[in-house]
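Chain by chain, the residues run as shown.
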Amino acid sequence: MSSGKKRTLCLLGSPRRQGNSDALASRFCERAASHGAAVERIALSDLSFGGCRNLFRCKTDLTHCGQADDLTPVLDSLHEAPVLVLASPVYFTNVTGLLKSAIDRFFSFLVPDYPSKADKSRLSGGRTLVFVQVQGEPEDRYRDLLDSYSASFKLLGFEHQHLIRACDVREPGDVFAHADFMKQCDAVAGDVYGR
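No experiment lies behind these values; they were computed from the predicted model shown.

Reading guide: rules and limits
- Residue numbers run consecutively from 1 along every chain, following the written order of its sequence.
- Local features in a predicted model are, by the rule used here, given only for residues with pLDDT of at least 70; side-chain atom pairs are given and counted only at 80 or more, and totals for whole chains, interfaces and linings are based on all residues.
- Side-chain calculation: all heavy atoms of the structure are included, whereas hydrogens and water are not.
- A pair of strands is labelled paired if DSSP reports no fewer than 2 bridges between them.
- What counts as a helix is a DSSP run of H or I of at least four residues, what counts as a strand is a run of E of at least two, and both are numbered from the N terminus.
- Throughout, an axis means a line fitted to C-alpha atoms (over the contacting stretch in the case of helices), and angles, computed between N-to-C directions, take values from 0 to 180 degrees.
- Residues are treated as being in contact if the distance between any of their heavy atoms lies within 4.5 Å.
- We call a crossing left-handed when the near helix sits turned anticlockwise from the far one by less than a right angle, and right-handed when that turn is clockwise.

**Q** Can you walk me through the sheet that holds strand β2 (residues 39-43) in this structure?
**A** The parallel open sheet is built from five strands, whose spatial order is β2-β1-β3-β4-β5. The sheet terminates laterally at β2 and β5 (160-166), the two strands that pair on one side only. Averaged over all adjacent pairs, the angle separating strand axes in this sheet is 15 degrees, with direction ignored. Both strand β1 (residues 8-12) and β2 contribute to a ladder of five bridges, which runs parallel. Residue pairing in the sheet places L9 in a bridge with E40 of β2. Strands in contact with helix α2 (residues 72-79) are β1, β2 and β3 (83-89); relative to β1, the strand with the most contacts, it is inclined by about 145 degrees. Lying on the sheet, helix α4 (residues 145-155) is in contact with β3, β4 (128-134) and β5; it crosses β4 at an angle near 160 degrees.

This is the structure we're talking about:
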């Protein structure tokens with residue numbers, strides 16, 4: 001697939017607008033656009049939605065999530081976007097509640113009886129996940145955060161997974177003082193869209 005056809009959906013998980021995770025995600029998205037990708041950025045804090053309520057309609061009478069709220073069109077957009085960017089600061093050892101609630105709704109992309117199926121996902125394969133993680137703590141903390149989500153995203157067809165990580169940043173704009181964080185964004189964008 002050429003880079004011009006790589007639609008990219010970016011979900012900003014921070015409740016604080018223009019914070020460090022937003023800044024890194026924006027840098028990545030700017031580089032994606034420079035490679036010809038069509039980028040859609042969505043701040044989850046602007047939406048009214050809830051996490052999975054275990055309606056299980058996505059496994060019985062529907063082929064999509066049974067909840068109807070502001071996340072519904074976002075889930076629809078993901079079908080058309082082979083590149084997904086998830087950006088979040090670390091809140092109490094994990095991604096923010098906003099982003100985790102959205103991720104829980106991705107359960108609807110798994111087909112019924114997915115544990116026994118060869119094709120487990122309603123999404124096409126060969127997808128790319130870019131995980132942007134920002135934390136105020138040092139590098140030795142939360143290094144396995146992407147690993148904790150990796151297997152589930154592989155089930156959904158995200159075969160390529162990349163981490164952009166910034167540590168020891170707290171105040172808005174701190175990431176701009178670290179050229180290596182920006183270089184991570186550029187390098188990952190080059191890898192994703194240069195294929």
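After that view of the structure, there is still more to cover.
**Q** Looking at this structure, how should I read the packing of helix α1 (residues 20-34) against helix α5 (residues 179-194)?
**A** Two measures define how a pair of helices packs: the angle their axes make with one another and the distance between the axes. Where α1 contacts α5, the two axes come as close as 9 Å, and the packing angle between them is 40 degrees. The chirality of how α1 crosses α5 is right-handed. Note on element contacts: α5 touches α1 through F181, M182, C185, D186, V188, A189 and Y193, opposite L24, R27, F28, R31 and A32.

Read these as geometric descriptors, not functional statements.
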